[in-house]
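# Observations on the model geometry
Residue-level listing of the chains:
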Amino acid sequence: MLRPVTSGVFSRIAAYHPELTAFRRDLHAHPELGFEEVRTASRVVEALKLTGVDEIHTGIARTGVVAVIHGRSRTSGRSIGLRADMDALPMREENDFAWRSGKPGLMHGCGHDGHTTMLVGAARYLAETRRFDGTVYLIFQPGEEGCAGAKAMIDDGLFERFPAQAVYAMHNWPHLPAGQIGVAPGPMMAAADRIEITVTGKGGHGAHPHLAVDPVLVCGHIITAAQSLVSRNVSPFDNAVVSLCAMQAGDVGAMSVIPRQAKLVGTVRTFRPQLQDMIEERLGRLVESIAVGFGASATLDYQRIYPATINSREEAEFAADVAESLVGPERVVRDLPPSMGAEDFSFMLQVKPGAYLRIGQGRDATDPGCFLHSSRYDFNDEILPLGSALFASLAERAMPLP
């Protein structure tokens, strides 16, 4: 359970808790995929209008929304960006509570409904109090789940129109108990690359394999050899993952047909561009040489989807200090281990200094609940006021009144 928080910011936002919970559950019941968040964006705009923000801008990267709130003064010229993602996942929900997804095959399985709600709560507090000297840009981003919505917003002029000096985001984390906050300078999330290997052999009859060139056999050797890329090429003090996760070949209804072609699809995760380059180059050579050894041919399509999410040191340490002011030092993890997952907030951190935080939502130290992307996942509404308070406190502490 979430332990009491004594911050004045938290106490004020806690009064909004029932409304925030209702808003979050409404978003959960109406999930939308990346760049299709029409209803979600509309609900965000409705809520922002009620809070009294100074400006609301829509249609950024199609469905993105940015709100602007000015402080009591702007003599410092300071500004800060606070980002929340809005999109859902293409997966079937298996929960049975009243606010479960009403759209078959779509689900808020990662908590973006909660992130959006926490930023709406921060907007209400900041618009009501305005206890800061500068400007806050509230960024409601579409398409985080594989659509690179952050990059799309940047390409659409996000930081030219809303020139935040630093930018912050947070993501719920079931592996941390509710009330704990984690951050670290440097790597927080890995780069995500997509790999597709196409092996072309010679089809034939399964009873006469000597007359064919079996691409399935070649794939088997590639799968085994690919595991050596990390174990024999990456320092044990570094991090990398190569996973071949899907294979497509032949027809399951044709037990005796050797197919002409087979495909492998997978992902590579790294933190350093040099390591990323090495794996791409060596995997390409490995795939080609193995195929040639069996009389086949193979090609590697290597796509760099998201870069690594790297926190700038000053902003990460600042965020940790702000978190401590809310929950106390014993509930802030300043050296949170990075995740091999990926996050498109990385694009924003390539343009602006900033930090990506984890906010714990586990039921307790031993019960994290369902992890992200689980069909039974649900956001823990208990942490909504804390997340809003953390967003708001980042703005107030970054831009204090004279």
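Rules of the game
Residues numbered from 1 in each chain as written. Predicted model: local features only at pLDDT ≥ 70, side-chain atom pairs only at ≥ 80, totals over all residues. Heavy atoms only, no water. Disulfide = S-S within 2.5 Å. Buried < 20%, exposed > 50% of the residue type's maximum accessible area, 1.4 Å probe, protein only. UniProt positions renumbered as here; feature names shortened; annotations may be inferred. 1 Å grid on protein atoms, 1.4 Å probe; cavity = no way out; pocket = protein on both sides within 12 Å on 5 of 7 lines; lining within 4 Å. Helix = DSSP H or I, 4+ residues; strand = E, 2+ residues; numbered from the N terminus. Contact = heavy atoms within 4.5 Å.

As used here, a disulfide is simply a covalent bond connecting the sulfur atoms of two cysteines. All told, the structure shown has 0 disulfides when counted by the stated rule. As a non-bridged cysteine, C110 has C147 as the owner of its nearest cysteine sulfur, 13 Å distant. Judged by its relative accessible area of 7%, C110 is buried. Here C219 stays free of any disulfide, with the sulfur of C245 as its closest cysteine sulfur at 14 Å.

With numbering matched to this structure, UniProt assigns "binding site: Mn(2+)" (unreviewed entry) to C110, H112, E145, H171 and H373. Look at the named residues: they lie 264 residues apart in sequence, but the longest C-alpha span between them is just 13.1 Å, so in the fold they bunch up. None of the other annotated residues line the largest pocket; only C110, E145, H171 and H373 do. Among the secondary structure elements, H171 is positioned in strand β5 (residues 167–177).

Time to look at the environment of V213. Locating V213 in the fold gives a position in the loop between β9 (204–205) and α7 (215–226). It is 6.5 Å that separates the C-alpha atoms of V213 and A296, two residues lying 83 residues apart in sequence. For V213, the residues in contact, after removing those within four places along its chain, are G201, K202, P259, F294, G295 and A296.

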